[in-house]
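Here are the chains, one letter per residue:
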Amino acid sequence: MRFDVLTLFPELIQSHLDFSIMKRASEDGVIEVNAINPRDYTLDKHKKVDDTPYGGGAGMVLAPQPYVDCYEAVNKLDNSITIMMTPQGEPFTHAISQELAQYDQVIILCGHYEGIDQRVLDEIVDEEISIGDYVLTGGELPACIL
């Protein structure tokens, strides 16, 4: 199974692959995990990936351009699903893990700030999943749990 994780902090994802069961699964080819940084796809010379919310509102959200371009650069398999890790998503359960196991590829978007521009969710995300009713610093830990 292949996991492609779109994250501003690929080191957080990669570090989880260096230990225990995840390390063995990766070395044995059971899973393949690619951490991809949307900053590498921004058109902004300062590598900026955040913006004010479309339509107004407080805080900053992740801008659509870097995420959509990063997503489009991922080599997608025929049997894939795209997930956004978010506190307002459907709670992660064993049943969801069994459903996801039916896919050859899971593409995971990790959020930060106040979230991601709604247009990204509307365009590319199939499901939103939460690991619990609390807020973390970003979507990387939930992605590793998933």
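Residues numbered from 1 in each chain as written. Predicted model: local features only at pLDDT ≥ 70, side-chain atom pairs only at ≥ 80, totals over all residues. Heavy atoms only, no water.

Scanning the model with the defined rule gives zero disulfides in all. With no disulfide of its own, C70 has C110 as its nearest cysteine by sulfur position, at a separation of 11 Å. Look at C70 and you get buried, because its relative accessible area is 1%. Left without a disulfide partner, C110 is nearest to the cysteine sulfur of C144, which lies 7.6 Å away. C110 sits in the buried class, given a relative accessible area of 0%. (Disulfide = S-S within 2.5 Å. Buried < 20%, exposed > 50% of the residue type's maximum accessible area, 1.4 Å probe, protein only.)

A cluster of nonpolar residues, Y134, L136 and L141, forms a patch on the protein surface that exposes about 280 Å² of accessible area. Within the secondary structure layout, L136 lies in the loop between β7 (127-130) and α6 (140-145). Taking relative accessible area as the criterion, L136 reaches 35% and is therefore assigned partly exposed. (Patch = residues over 30% accessible without salt bridge, like charges linked within 9 Å, V, L, I, M, F, W, Y side chains within 5 Å. Areas by Shrake-Rupley, 256 points an atom, 1.4 Å probe, with all protein chains shown as cover. Salt bridge = Lys/Arg side-chain N within 4 Å of Asp/Glu carboxyl O. Helix = DSSP H or I, 4+ residues; strand = E, 2+ residues; numbered from the N terminus.)

With that settled, consider the environment of I108. Among the secondary structure elements, I108 is positioned in strand β6 (residues 105-110). In this structure the C-alpha to C-alpha distance between I108 and E140, which are 32 residues apart in sequence, comes to 9.3 Å.

Let us now look at the packing of aromatic side chains. One pass over the structure, following the stated rule, counts zero aromatic pairs. Looking at K76, its charged tip hangs above the ring of Y71, at a distance of 4.2 Å from the centre. (Phe/Tyr/Trp six-rings, centres within 6.5 Å; stacked < 30°, edge-to-face > 60°. Lys NZ or Arg CZ within 6 Å of the ring centre and 35° of its normal.)

The volume enclosed by the largest pocket comes to roughly 430 Å³. Residue lining of the largest pocket: 25 residues in total, with M85, T86, P87, Q88 and G115 positioned closest to the centre. Secondary structure elements with two or more residues in the lining of the largest pocket: β5 (80-91), α5 (118-124) and β7. By residue number, the principal contributor to the lining of the largest pocket is β5, which donates five residues. The space that makes up the second largest pocket amounts to roughly 320 Å³. Every residue lining the second largest pocket is counted, 21 residues in all, and those nearest its centre are F3, M22, A143, C144 and L146. Secondary-structure elements contributing two or more residues to the lining of the second largest pocket are β1 (2-6), α1 (10-16), α2 (20-27), α4 (94-100), β6 and α6. Grouping the constituent residues of the lining of the second largest pocket by class yields 19 nonpolar, two polar and no charged. (1 Å grid on protein atoms, 1.4 Å probe; cavity = no way out; pocket = protein on both sides within 12 Å on 5 of 7 lines; lining within 4 Å. Points joined across faces, edges and corners; volume = space filled by probe spheres on them. Nonpolar A, V, L, I, M, F, W, Y, C, P; charged D, E, K, R; others polar.)

Before going further, it helps to examine the pairing of β1. Side-chain direction in a regular strand flips from residue to residue, so the side chains alternate between the two faces of the sheet. Burial within β1 is extensive, with five of its five residues counted as buried. In β1, alternate side chains face the same way, and those of R2, D4 and L6 on one face and F3 and V5 on the other are all buried. As paired strands, β1 and strand β2 (residues 32-36) are joined by five bridges and run parallel to one another. The residue bridging F3 from the neighbouring strand is V33, located in β2. (Pairing = 2+ DSSP bridges.)

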